[in-house]
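So you can see what is in the structure, the chains are spelled out below.
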Amino acid sequence: MTRKSIHRRTFLRGLGAAVALPFLDSMVPAFASTVKTPVRMGFVYVPNGMDFRNWTLDYEGPLNKLSKIMSPLEPFKQDITVLSNLTHNNGRALLDGPGDHGRCCGSYLTGVQPRKSAVDIKCGISMDQLVANEIGKETRFPSLELGMEDARQAGDCDSGYSCAYTNNLAWRSETQPLPPVLDPRAMFERLFGADAGLTPEARARRDKFRRSVLDFVASDTRKLQSDLGPTDRRKLDEYLSSIREVELQIERAEKDNARIDPKMEKPYGVPPDFAEHFKLMTNMLTIALQADLSRVFTFLVTREGSSRPYREIGIPDGHHPLTHHRNDPALMDKVTQINIYQMQQFAGWVEKLKSIKEGDGSLLDNSMIIYGAGLGDGNRHNHEDLPTILAGRGGGYIKSGRRIAYRRETPMTNLHLSMMDRMGVHADHFGDSSGRLDGLNLA
Amino acid sequence: MQFPISKPPVGVIFDSAMGDRIDDALALALLYGLDGKNEARVVSLSVSRTNLASAAFCEAVGKFYAGAVSGAFNSAGRALPVGLSLPARGHKPDEDTPMLTVPLSKKKPDGTLVYNHGIHQLNDTAEVAPLLRNACTAQHDQNAIVILTGPATNLVALLDLPGAREVVAAKVRLLAIAAHDTAMKADLTAVRRIFKEWPTPIVVAGTELGDALPYPAASIEKDFEWNPNHPVVDAYRAYKAMPYDAPTGSMAPVLYAIRPKEGYFKLSDPGTITVSDDGRIAFATDAAGKHRTLTLDPEQKDRVIKTYTEIASLKPVVRAPRFPRPKADAVKPDPSKPEPPKPEEK
Amino acid sequence: MASGGLNVSLFLTPASLQENREGWDKIVQKIRSGEMPPKGMPRPTPDQVVALSNFIQSEFARADRNVKPDPGRVTARRLNRVEYSNTIRDLLGVDFHADRDFPTDDSGYGFDNIGDVLTISPILMEKYVAAAERIAARAIGADPLPKPAEVQYHSKDKQIRRPDLSTVEATHRIDFDGEYIIKIGLPGERGADAKPVTFNLWMDGTVIHTMQVETKPSKLVYFDPYSEEEFKLILPEGDHVFRAGFVNDDFVKGLSTKDAYNNKKNKFINMIGFVGPFPANVEKASRKRIMVCDPNSGQACVDRILSTLARRAYRRPVQKNEVTALAKFVTLAKAEHLSTEQGVQLAVEAMLVSPHFLFRIERDPADVTRVHRVSDFDLASRLSYFLWSSMPDEQLLGLAENGTLHDAKVLDTQVRRMLSDSRSAALAGNFAGQWLELRNLEGMKLDPQKFPEWGPELRESMMTETRMFFEHLLRENRPLVEFLDANYTFLNERLAKHYGIAGVKGEEFRRVELATDQRGGILGHASVLTVSSYPTRTSPVIRGKYILQNILNTPPPPPPPDVPALDEEAVGNAGSMRQQLEKHRENAICASCHNRMDPLGFGLENYDAIGRWRTKDGKFAIDSSGTLPNGKSFTTPREMRLILKDNLPEFARCLIDKMLTYSLGRGLERYDRRSIDDIEHRLAASDYKFQDLVLEIVRSLPFQYRHGESVAAPTAITKRIPQ
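What you see is a predicted model; the values in this text were computed from it and never measured.

Participant: Can you help me understand the overall build of chain A in this one?
Facilitator: When its secondary structure is counted, chain A shows twelve helices and 16 strands. The burial tally for chain A puts 60% of its 443 residues in the buried class.

Below, the structure written as structure tokens:
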């Protein structure tokens, strides 16, 4: 099932109305032989590392007993792969001193060491964006960025690192992070349109106007740019490229006249309850993946270094202060509880993805979703053996249900390269990669 | 705004074929001795011998000095593992040798091992190329040296890592090689590529130098009396029937690279080195060359041997951790886990 | 030798005064504060310290005389969320909350208006386009309203938050400006003699409706007593936080928590609903303002409408060809069979997405290296975004057109006028909100078990106190020292009760003279004391750091890696926090910074994590004494305040640094030091008056001048290796 399928489009036009998704699914078998199911790729990032006492497995090979923190995934252990010993050398200090939270998040998908600066930010293009640049033209949104925690509003973020590093996972360029959408309503409107009330004609006219406005400002900008200094010109370059992106979105939406009916009520505001919020965000994400609105996503569950308390499970202390527990077992247990609670939400989503049939398998089978953290142990701030779980089979390529322990110092970017391969985006190397990961391509 | 910070001691990356030659073990003892004197920091250990025991021995020596010395097991706030190269496709791993197995299996009266190490399977070791590159990235510019005493296999793997060449050029100021014929011969392609492509100056100590400076068996007998258990001494005794004087080829590059201005050896003019098919090196003077050789200065012979024995037999230096764990009684540290990391040297 | 990471060998030559100026600055600072030389070493006499620092200052000044003054350069700055909202308000009269719609602006140097960090992402662009459509439509109101719809928020669906027992809160998006019916669900009943209670509805923290609600049984026979209240309000489009609650509800205080939602025992709120939009029968002020003539009267009027608006939107005169380009949108709309007004609406949309609106770009002269005065129009924007976080008004634009704005007298008059204008509240909200970290107050999630009093009402009261205090000092041109110690503050009943001060009745804030020395100045404000605490308790370390960073301008360096963020988290069982911290300071490395931080924090230990006065923490008596590295010691918050008052020059400098950064939208550089020194000297001469600080900043070189940027890209100096 892809949106490019001419059959479906004709079909939808004939119907002349929004079509519910389950109906689309029922069409799939008829075309399954001719249309290749896309593979989806995404990252679910949790902050402050894990309590390693309750994270690591002490065996390799087929998954048997899961660790305490992984236990919510017990029912789906045939669908996940636990990857160990992956390292982000560029998250380490490397002479830049303190700031592991800022660095580990900035380097997580970019594989480069972020520049230590509160203002003059420089990171690298993130691997999800490399993929989005390549395959994003086939979907309405090249990539989706989600999050759940509002950025800190005042003060410094981490030891001289700009908040841009801890608030974002996806980087469109070295200097341009892509901020996550936090509000479920904003997410809903982005995916399914804020224009529910508009007739097709009105929408077409609106898009036409939008394009003429964008034309106007783009040409204005180019005139303006011609006599600016390099720094100012760079600012306006960002502005121009963002305009182009919006133009492309309009174009893509026009080509495909079908509106996705998400079959859910438009959410209002941010639910105060963590689980509720997580569920809302992932529900919409599921629909977006299912309807092939996008194949690439990053989900920054809470910002790196987050000090969110978890009252939902009776923990009034902030997450980050708790991770510096000084080996006090009571505090360490609270960290574990937070780790488990977050994993429970993820497991709930995995269950949902698995329940959605797609071709011969499930939406989960056709996905590669990394659940991971940018620090190993939150107290030690180490950057080796980063907690990494791969959910899904990447379209039937990954032999899941195992733990694979790589040799130490194996770059995390090797995983990125292997995932990019699966997404059909081939690069010789990425960040500090030293090759591809063994064991991920065994059908 | 940061204060101008004084540079830490030079970072040493030590790559050997530990297990083949006893002077590799002596070189490691010399290196840790200099580390203890704050003249160097061991920042990476790796072996090109495809044998788990080779890596395990390195780690055991490291741990012997660590907890006391910053060393590879504590440098830059983290525990770097030992790198190990894998046998080429279709090749068998290298065999255990007594200098490895004897110390590694030495037991205390209660039956536990004398020398701790955490290397029991392949995954306990590190991928060599990223390990070497990562060790370099944590060093100040031109403040690292690489010591090679075995085949050049691992260094070539490092050069082939995308971007690593630039890292090496920026961070490393010298590659010092102990050119043992057998090691050169073991991977001719690799060593020839190193002489052609390695981006920094190279200094080479030929086999003759090590033969001319034997390590006195007497030092093994008396200088290490401060501890009945020393992994290098146990290796020495297991390597050959005592008493014997071992050649010290692998020690020269360590001593020269860390104390280049001491005049221990004769340093040639710049030139170019080539390697013949039987693993012997040939040197040709060339003002534009990046290679030099180290040869014996007969007048310095006694001084060098004295320096070798004095420093190699130094006790581990206990440096108090900057941040002692408070409440040590709350949770007993897990002995199987590496020591808590130490912050970067300022 | 290395002390605290300082390589002293670099400071042994006279030339180092120039080469390592920042290092020398730190050295002088440490000697002055008494941190250097370390304990046990011979100490210089106070006279020697003054002589040394004077000598070094004069050496710096001597070197500076030989260097051409550099006003620096500000990168093209896009409007941040606050500036965007305010500009929309002042340009079009439309109430729009960019902070709820747009992604967060990144901050640098502690402020979110720094040109270098404000980026544009595709998602922000999407938001700009969508916002422009809605704002233009709302401003002109040429589009018909959709059919009314109803949205309800129920406690049973977990859609409402309960900040306290008698209050509910829901975030709701009003989709269109218009009139709405608000419904409030009130289940339960109280006793037969229960009094009516005052009900308030707040929108975004402001009361928008008040009424009395009956709480005694209705005499109707219900199994489930329930009533509903309904009223109509005109509401602005956008996301709003609506809060409905009973105020001064003494009944609930006598109720046990488990009975709070028992409908036999209590009457409470469990639903808030909205029905709408209905057309409001008032002509929009915004529309009147835009349509300066009848757009249907012909092209000339359309051009006039557009050029009038564009001049204000772009904050400068517009060219004829710019108006022509905008007028094309009217033609385009008409071609789609829309009205001229709808065409104007489309042109407004285009203006709002234009880089001329979204960015503040100052143009370089032909010779880019030449230091030059910014144009009067740029100066008008610099002023208005500094003092108002918004666009220049007609008077500023008019003076810029005359070319007289930069005249020193005119400028001073304008600054005074702007400060007395209500828009200067933006300085309190944005400058003080970030300088004093008050913006974090909203995100503070205090432990409800330990602090059941914590809720939006208390939070907003805290915020209001500090805001009013700041505005008072500013508008009345009070001396800066009152930030550190003042014998008055601003309170309402809620906060006065919190402080244990009697005799303040009602919701209104007013100036209250302080009868005791428990509080005085911002370090006794509950807002400041709360943002510098943990959710469960106080943190002397955070508070100490807060004072060093925001008051004394000597932020401590971040802790070295792998030092746990102190053992504070384990406090309570093993001994008092003070004992634990003292143990921590036995470690020399920790001590070097904590000797500075902790005593200051201890001085505030008499205030709990939400700023209440206390004399005990759990079972431990509070000991708020401390000794600073310079040997001065204190035993009460009051005595610490007096010591801080001695540091007035440091505090003034802190404020100058922060405010100059904020006013320029860039980080301060070495060459700004002269301007900062100048400002400080003049302020010292005028008793450190607050308005004078603002005036001196506006008069300063970096505020009025700039240099361009050469075409060659600035070379990045980096020790990083290429990837």
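Participant: Just checking my understanding: could you explain the overall build of chain B for this structure?
Facilitator: Looking only at helices and strands, chain B features 14 helices and ten strands. Per-residue burial for chain B yields a buried fraction of 53% across its 346 residues. For chain B, restricting intrachain contacts to residue pairs at least 6 apart in sequence, the fraction spanning at least 24 positions comes to 84%.

Participant: Explanation requested: the sheet that holds strand β7 (residues 178-187) of chain C in the structure shown.
Facilitator: Hydrogen bonds between backbone atoms are what pair the strands of a sheet, whose relative direction is either parallel or antiparallel. Residues and elements named next belong to chain C. Read across the open sheet, the four strands follow the order β4-β12-β7-β10; overall the sheet is antiparallel. Unpaired on one side and paired on the other, β4 (149-154) and β10 (226-235) mark the two borders of the sheet. With direction set aside, neighbouring strand axes in the sheet form an average angle of 20 degrees. The sheet contact formed by β7 and strand β12 (residues 271-278) spans six bridges and is antiparallel. Within the sheet, the bridge partner assigned to I181 lies in β12 and is V275.

Participant: Help me understand the interface of chain A and chain B, please; the structure alone is not making it clear to me.
Facilitator: How big an interface is tends to be stated in terms of accessible area lost as the parts join. Across the boundary between the two partners, chain A contributes 22 residues, which contact 24 residues of chain B. The dominant element in the side of chain A that touches chain B, judged by the number of residues it contributes, is strand β16 (residues 402-411) of chain A, at seven residues. When the residues that make up the side of chain A that touches chain B are grouped by side-chain class, the tally is seven nonpolar, seven polar and eight charged.

Participant: Teacher, can you tell me more about unusual backbone geometry here?
Facilitator: With glycine set apart, most residues show a phi of negative sign, and most peptide bonds adopt trans. Omega for the peptide link from M242 of chain B to P243 of chain B comes to -10 degrees, which places this bond in the cis form. In this fold, P243 of chain B is placed in the loop between α12 (231-239) and α13 (251-258). Phi angles above zero are rare outside glycine, and D385 of chain A is one such case at about 50 degrees. Along the chain, D385 of chain A turns up in the loop between β14 (367-373) and β15 (388-391).

Participant: Got a minute to help me understand the pairing of strand β1 (residues 10-16) of chain B in this structure?
Facilitator: Residue and element names in this part refer to chain B. By the criterion of burial, β1 is predominantly enclosed, with seven of the seven residues buried. Burial along β1 is two-sided: V10, V12, F14 and S16 and G11, I13 and D15, pointing in opposite directions, are all buried. In terms of strand pairing, β1 meets strand β2 (residues 40-47) through seven bridges, oriented parallel. Its bridge partner lying in β2, V10 is registered against A40. This β-α-β element, β1 to helix α1 (residues 22-36) to β2, shows right-handed connectivity.

Participant: Hey, could you run me through the interface of chain A and chain C in this one?
Facilitator: With 72 residues of chain A in contact, the opposing surface of chain C contributes 71 residues. At the level of elements, α5 (163-167), β7 (176-178), α7 (200-225), α8 (230-255), β11 (315-318) and α10 (319-323) of chain A are the ones that each hand at least two residues to the side of chain A that touches chain C. No other element matches α8 of chain A, which puts eleven residues into the side of chain A that touches chain C. Of the residues assigned to the side of chain A that touches chain C, the class counts are 32 nonpolar, 20 polar and 20 charged.

Participant: In this structure, what is going on with the packing of helix α26 (residues 673-685) of chain C against helix α27 (residues 690-699) of chain C? I would like to understand it.
Facilitator: Packed helix pairs are characterised by how far apart their axes lie and by the angle those axes make with each other. Residue and element names in this part refer to chain C. Closest axis-to-axis distance for the α26/α27 pair is 10 Å, and the angle between their directions is 150 degrees. Once α26 is placed against α27, the crossing between them reads as right-handed. For the pair α26 and α27, contact is made by I679, R682 and L683 and by D692, L693, E696 and I697, respectively. Here the residues of the contact of α26 with α27 sort into four nonpolar, no polar and three charged.

Participant: Teacher, can you tell me more about the nonpolar core here?
Facilitator: Soluble, globular proteins show a tendency: their nonpolar side chains are buried together. Core analysis: the largest hydrophobic core is formed by 249 residues, its most contacted members being Y45 of chain A together with I135, A347, A350 and M351 of chain C. Broken down by element, the residue count for this core peaks at twelve residues, all from helix α6 (residues 122-140) of chain C. The contacts of Y45 of chain A, once residues within four sequence positions are left out, are Y108, L169, F299, L300, V301, G372, A373 and G374 of chain A. Within the second largest apolar cluster, 111 residues are counted, among which are L132, A178, W198 and V254 of chain B.

Participant: In this structure, what is going on with the sheet that holds strand β6 (residues 167-174) of chain C? I would like to understand it.
Facilitator: All names here are of chain C. Strand order across the open sheet formed by five strands is β5-β6-β11-β8-β9, with antiparallel pairing between neighbours. Each edge of the sheet is formed by a strand with only one pairing partner; in this case those strands are β5 (161-164) and β9 (206-213). Averaged over all pairs of adjacent strands, the angle between strand axes in this sheet comes to 25 degrees, irrespective of strand direction.

Participant: Which parts of the structure should I look at to understand the pairing of β2 of chain B?
Facilitator: The two faces of the sheet receive side chains in turn, since in a regular strand these alternate between them. Residues and elements named next belong to chain B. Counting buried residues along β2, eight of its eight residues qualify, which places the element largely inside the surrounding structure. Sheet analysis places β2 next to strand β3 (residues 83-84), joined by two bridges and oriented parallel. Across the sheet, the residue bridging to S46 is G83, located in β3.

Participant: Could you clarify how one ought to interpret the environment of I135 of chain C in this entry?
Facilitator: Residues and elements named next belong to chain C. Within the secondary structure, I135 sits in helix α6. I135 sits in the buried class, given 23 other C-beta atoms within 10 Å. Distance from I135 to V94, taken between C-alpha atoms, is 6.9 Å for residues 41 residues apart in sequence. What I135 contacts, discounting residues up to four positions off in sequence, is I88, L92, V94, F96 and L352.

Participant: Any chance you could explain helix α2 (residues 52-65) of chain B here in plain terms?
Facilitator: Residues spaced three or four apart along an α-helix point in a common direction, a consequence of the helix completing one turn every 3.6 residues. For α2 of chain B, with 14 residues, the first-to-last C-alpha span of 20 Å sits near the 20 Å given by 1.5 Å per residue. Counted residue by residue, α2 of chain B has 14 buried out of 14 residues, so it is predominantly covered.

Participant: Is there a simple way to think about the confidence of the model for chain A in this case?
Facilitator: With 87% of its residues at a pLDDT of 70 or more, chain A shows a mean pLDDT of 85. In the predicted structure, residues 1-34 of chain A sits below a pLDDT of 50 and forms 34 contacts with residues beyond four places in sequence or in another chain.

Participant: Help me understand helix α14 (residues 394-402) of chain C, please; the structure alone is not making it clear to me.
Facilitator: All names here are of chain C. Residues of α14 that are buried include every one of L396, L397, L399 and A400, and no others. With its buried residues spanning 160 degrees around the axis, α14 presents them on a single face. Exposed and facing more than 90 degrees away from the buried side of α14 are E394 and N402. The elements touched by buried residues of α14 are α13 (376-387) and α15 (408-420). Positive backbone phi, approximately 75 degrees, marks G403, located one or two places after α14.

Participant: Sorry, what's going on with the confidence of the model for chain B here?
Facilitator: Parts of the model with low pLDDT should not have their predicted coordinates read in detail. All names here are of chain B. Averaged over every residue, the pLDDT of chain B is 87; residues scoring 70 or more account for 86%. Within the model, the stretch residues 68-78 combines pLDDT values under 50 with 53 contacts to residues more than four positions away or in other chains. Under a pLDDT of 50 for its full length, residues 321-346 has, in the predicted model, 45 contacts with residues more than four places off or in other chains. With pTM at 0.75, the complex prediction returns an ipTM value of 0.85.

Rules of the game
- Residues numbered from 1 in each chain as written.
- Chains lettered and ligands numbered in written order.
- Predicted model: local features only at pLDDT ≥ 70, side-chain atom pairs only at ≥ 80, totals over all residues.
- Helix = DSSP H or I, 4+ residues; strand = E, 2+ residues; numbered from the N terminus.
- Buried ≥ 20, exposed ≤ 12 C-beta atoms within 10 Å, placed from the backbone.
- Contact = placed C-beta atoms within 7 Å.
- Pairing = 2+ DSSP bridges.
- Axes fitted to C-alpha atoms, helices over the stretch in contact; angles between N-to-C directions.
- Nonpolar A, V, L, I, M, F, W, Y, C, P; charged D, E, K, R; others polar.
- Right-handed = clockwise from strand over helix to strand, strands pointing away.
- Left-handed = near helix turned anticlockwise from the far one by under 90°.
- Core = buried A, V, L, I, M, F, W, Y, C linked by C-beta atoms within 7 Å.
- Expected span 1.5 Å × (residues − 1).
- pLDDT = per-residue confidence, 0-100.
- Arc of directions from axis to C-beta.

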